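# Coordinate inspection notes
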Amino acid sequence: MAFRAKTEGTTRKGYIMGNANPPLEKGKITFINNHQPPLLDGEYVITVEQKLQNKNAAPSPAAAINEAYTNTKRFQVRGERFSIDSTEIESVFPPSNSQGEYENVLPHIVFSRKTLPWERTAHDQADSSWLALLLFDENDPIPEIQNIMVGDLQRSPFPHEEGGANQDSTLPGTAVSYLDISLEYSELMYDPCMAIDIPVSLFNNIVPGLVDLPWLTHARSVTPEQPARMGMAETDDISVESAVVVGNRLPEPNTKCTVHLVSLENMAPYLPSGDDYTPADIKLADGSAAEMVRLVSLKSWSYTSVDPKETFTGLLMDLDKEDGLRVFAINNPNPSDTEADSYVANGLKMGYTAMNHHTRQGCKTVSWYRGPFVPFEVPPTIFVPVPNGDPTDMPIQTADEAVRYNPETGMMDISYASAWQIGRLLALQDKGFSVALYNWKRSCTLATVMEFERQLLEQGVGETLGLTAKAHRDDPLVMHHAVAKFIKTRLKPYLIKEPPEDNDPPTGRQSPPAEMMPDITPTAFNTPQGNTFREGD
């Protein structure tokens with residue numbers, strides 16, 4: 001199914017919907033029609049002309065001036081065209097290689113550069129995005145990705161390597177591609193790129209129409225409630241801006257789908273037009289009908305849209321059926337059952353399942369595991385076990401510390417250890433959290449180093465400089481500033497070698513008077529590297 005949009009005199013000028021300059025509100029998302037860049041990608045010429053002229057009615061020959069000075073400069077605004085740097089892509093949805101109930105989800109891709117979709121155009125009247133997402137499923141079928149060169153997007157022979165002779169293009173004789181691929185600065189015909197060949201009938205059915213393009217791209221400005229969560233400073237004007245391209249086709253249920261981010265630069269004549277989406281008459285240069293359309297594929301990923309019965313909701317509903325997916329349990333153990341059978345039955349009733357467990361030492365065993373959902377009511381507050389059972393101990397630092405061992409049965413419970421490890425991996429996968437955690441650790445390290453230096457300076461020169469402990473508490477850097485001032489104002493003449501006067505022998509460095517130097521008692525201490533230093537070295 002492909003979605004089609006209907007416009008009624010809609011125009012796009014790059015303004016935020018409803019307010020050109022809305023105030024930033026924490027915890028809000030602002031949707032923006034588009035972020036037009038100041039200049040589109042391409043070559044530009046700037047010409048400056050200055051005229052000097054004496055406009056007096058009858059100037060003297062010496063004062064008659066009528067001259068013009070012209071200066072011309074050329075420059076190039078270059079952006080992505082035949083490939084996109086992976087760092088520009090923030091995320092895709094549905095996630096790559098995932099399975100889920102996606103039959104009501106339009107695929108979309110998020111770019112970290114807010115102007116990227118509008119840096120080129122499809123050359124339609126609305127100046128729409130040059131990017132589009134095309135969704136293919138197994139019934140289409142899915143086109144094969146081809147590794148080609150830029151020159152293979154046009155018909156003429158071109159050199160396939162630097163200094164090489166012209167060779168034929170791989171563009172099929174029945175295919176069309178971009179109407180204009182005039183190379184820009186630093187682009188070469190043998191630059192690599194990826195492309196897909198789409199049958200014209202399929203292309204007309206799934207490609208966005210000209211009226212769709214303005215609706216399939218937008219920008220977002222997110223102002224989080226907790227900037228530190230996103231790795232940002234605690235300021236009042238922090239916002240994260242990104243651009244989003246959305247597909248126009250929903251996947252069929254229970255099928256594998258592939259999404260291609262394609263370039264539609266200068267492809268407006270090949271796109272369906274009007275509110276009735278009249279297919280374009282795509283012809284070859286000789287006037288015959290084309291059979292294929294070749295497009296540059298800038299990014300692709302696949303996912304599976306599963307049957308609704310196999311989704312989380314469907315599986316959960318099946319748990320409440322006698323013949324469904326209810327977890328096996330022994331409700332009425334026989335009197336002849338052994339103690340081990342009763343123990344296993346009790347574990348299953350509590351929601352546990354036996355899992356193969358590979359220990360850190362390489363041993364293989366079977367351990368109990370239970371997820372967050374249990375078949376009985378639990379207290380509203382659950383206390384996670386801490387090492388040694390002492391709540392004053394340090395928090396858990398490794399997953400092994402959360403493993404529970406039952407010496408009576410020889411079985412381990414790895415539920416909390418698994419939850420700890422999964423939570424840790426999910427947290428570190430979050431870029432904002434990882435950056436915030438790194439910044440926090442770095443600030444703690446710097447604070448520790450500064451405090452260590454302060455204590456050394458206080459022990460060595462604090463009394464000499466007349467600094468009290470209260471001054472340190474009021475300003476942690478007061479000791480550093482005082483020592484720096486002491487060195488600059490009183491020790492500098494003795495630390496810098498002055499040039500000798502005429503006829504005087506070089507004296508080298510001089511020692512300051514003893515009364516100027518603090519009384520530092522040498523004290524040895526070890527560094528983490530094992531080297532031994534003394535205060536005063």
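Cut-offs used in this document
Residues numbered from 1 in each chain as written. Predicted model: local features only at pLDDT ≥ 70, side-chain atom pairs only at ≥ 80, totals over all residues. Heavy atoms only, no water. Helix = DSSP H or I, 4+ residues; strand = E, 2+ residues; numbered from the N terminus. Buried < 20%, exposed > 50% of the residue type's maximum accessible area, 1.4 Å probe, protein only. Contact = heavy atoms within 4.5 Å. pLDDT = per-residue confidence, 0-100. Expected span 1.5 Å × (residues − 1). Arc of directions from axis to C-beta. Core = buried A, V, L, I, M, F, W, Y, C linked by side-chain atoms within 4.5 Å. Pairing = 2+ DSSP bridges. Axes fitted to C-alpha atoms, helices over the stretch in contact; angles between N-to-C directions. Phe/Tyr/Trp six-rings, centres within 6.5 Å; stacked < 30°, edge-to-face > 60°. Salt bridge = Lys/Arg side-chain N within 4 Å of Asp/Glu carboxyl O. Polar contact = N/O pair within 3.5 Å; in protein donor to acceptor, adjacent residues only side chain to side chain.

Counting its regular elements, the chain contains seven helices and 22 strands. A burial count over the chain gives 32% of its 537 residues as buried. For the chain, the proportion of contacts with a sequence separation of at least 24, taken over those separated by at least 6, is 68%.

Mean pLDDT over the chain: 79, with 74% of residues reaching 70 or higher. Taken element by element, the chain is modelled with least confidence in strand β22 (residues 532-534), mean pLDDT 41, and with most confidence in strand β6 (residues 108-111), mean pLDDT 96. Here residues 3-21 is a poorly scored stretch, pLDDT under 50, and it has 41 contacts once near neighbours within four places are set aside; other chains count. Contacts for the low-pLDDT stretch residues 520-537, under 50 throughout, to residues beyond four places or in other chains number 23 contacts.

Note on placement: glutamate 161 falls in the loop between β9 (158-159) and β10 (166-167). You can call glutamate 161 exposed: its relative accessible area is 52%. Taking the C-alpha atoms as reference points, glutamate 161 and methionine 189, separated by 28 residues in sequence, lie 8.6 Å from one another.

Over its 15 residues, helix α4 (residues 415-429) runs 21 Å from end to end, which matches the ideal 21 Å to within 8%, given 1.5 Å per residue. Within the span of α4, buried status applies to Ser415, Ala417 and Ser418. Buried residues of α4, seen end-on, are gathered within an arc of 165° and therefore sit on one face of the element. Structurally, α4 contributes buried residues whose contacts are with β18 (364-369) and β20 (411-413).

What follows is about helix α3 (residues 339-349). Looking at α3, one finds that the buried residues are Ala345, Gly347 and Leu348. Take α3 and look down its axis: the buried residues cluster within an arc of 160°, on one side only. Structurally, α3 contributes buried residues whose contacts are with β18. Two residues or fewer past α3, glycine 351 is found with a positive phi of approximately 90°.

In this section: the nonpolar core. Judged by nonpolar contacts, the single largest core of 55 residues is most densely connected at Ile109, Phe111, Phe203, Ile282 and Leu295. Excluding its chain neighbours within four sequence positions, the residues that come into contact with isoleucine 109 are Ile89, Ser91, Val92, Leu133, Ala243, Val244, Val245, Leu261, Lys299 and Trp301. Grouped together as the second largest cluster of nonpolar side chains are seven residues, Ile396, Ala399, Val403 and Ile414 included.

Here we come to the sheet that holds strand β14 (residues 240-246). Strand order in the open sheet formed by five strands is β1-β13-β14-β6-β4, with antiparallel pairing between adjacent strands. The open sheet is flanked by β1 (28-32) and β4 (89-93), the only strands paired with a single partner. Sheet twist, expressed as the average angle between the axes of neighbouring strands with direction ignored, equals 25°. Relative to strand β13 (residues 217-223), β1 is paired through five bridges, and the arrangement is antiparallel. Bridge pairing in β13 links isoleucine 29 to valine 222.

One pass over the structure, following the stated rule, counts five aromatic pairs. When the ring of tyrosine 44 is compared with that of phenylalanine 75, the centres are 5.5 Å apart and the planes differ by 15°; the resulting orientation is stacked. Taken as a pair, tyrosine 44 in strand β2 (residues 42-53) and phenylalanine 75 in strand β3 (residues 66-77) lie far apart in primary sequence, 31 residues in all. For tyrosine 44, a relative accessible area of 25% corresponds to the partly exposed category. Centre to centre, the rings of tyrosine 343 and tryptophan 368 are 5.9 Å apart; their planes meet at 65°, and the pair counts as edge-to-face. Taken as a pair, tyrosine 343 in helix α3 and tryptophan 368 in strand β18 lie far apart in primary sequence, 25 residues in all. Note on tryptophan 368: relative accessible area 8%, which makes it buried. An aromatic cluster is present here, built from Phe93, Tyr102 and Tyr303 joined pairwise through their rings.

Glancing now at the environment of lysine 349. Topologically, lysine 349 is positioned in helix α3. Separated by 27 residues in sequence, lysine 349 and phenylalanine 376 have C-alpha atoms that sit 8.9 Å apart.

As a further point, take unusual backbone geometry. With an omega of -5°, the peptide bond between phenylalanine 93 and proline 94 qualifies as cis. Cis geometry marks the peptide bond from aspartate 140 to proline 141; its omega dihedral reads 0°. Topologically, proline 141 is positioned in the loop between β7 (131-137) and β8 (146-149). Of note in this structure, serine 186 is not a glycine but carries a positive phi near 75°. Relative to the assigned elements, serine 186 resides in the loop between β11 (175-176) and β12 (192-199). Among the residues examined, serine 186 registers a relative accessible area of 38% and is labelled partly exposed. Phi is positive for tyrosine 277, which is not a glycine, with a value near 55°. Within the fold, tyrosine 277 resides in the loop between β15 (255-263) and β16 (292-305). Of the residues examined, tyrosine 277 reaches a relative accessible area of 14% and is grouped as buried.

Turning next to the pattern of salt bridges. As enumerated under the stated definition, the model contains 13 salt bridges in all. The salt bridge partner of glutamate 187 is arginine 81, with a shortest N-O separation of 2.9 Å. Of this pair, glutamate 187 sits in the loop between β11 and β12 while arginine 81 sits in the loop between β3 and β4, and the two are 106 residues apart along the sequence. Neither residue differs from the other here; glutamate 187 and arginine 81 are each classed as buried.

Once that is clear, we can look at the side chain of threonine 258. By the element assignment, threonine 258 lies in strand β15. Among the polar contacts made by the side chain of threonine 258, one reaches the side chain of serine 302 at a distance of 2.9 Å. Residues contacting threonine 258, with those up to four places away along its chain left out, are Leu134, Leu135, Phe136, Ile142, Trp301 and Ser302.

Our next topic: the environment of leucine 188. Structurally, leucine 188 can be placed in the loop between β11 and β12. By relative accessible area, leucine 188 is classed as partly exposed at 34%. When neighbours within four sequence positions are excluded, leucine 188 is seen to be in contact with Val150 and Leu183.

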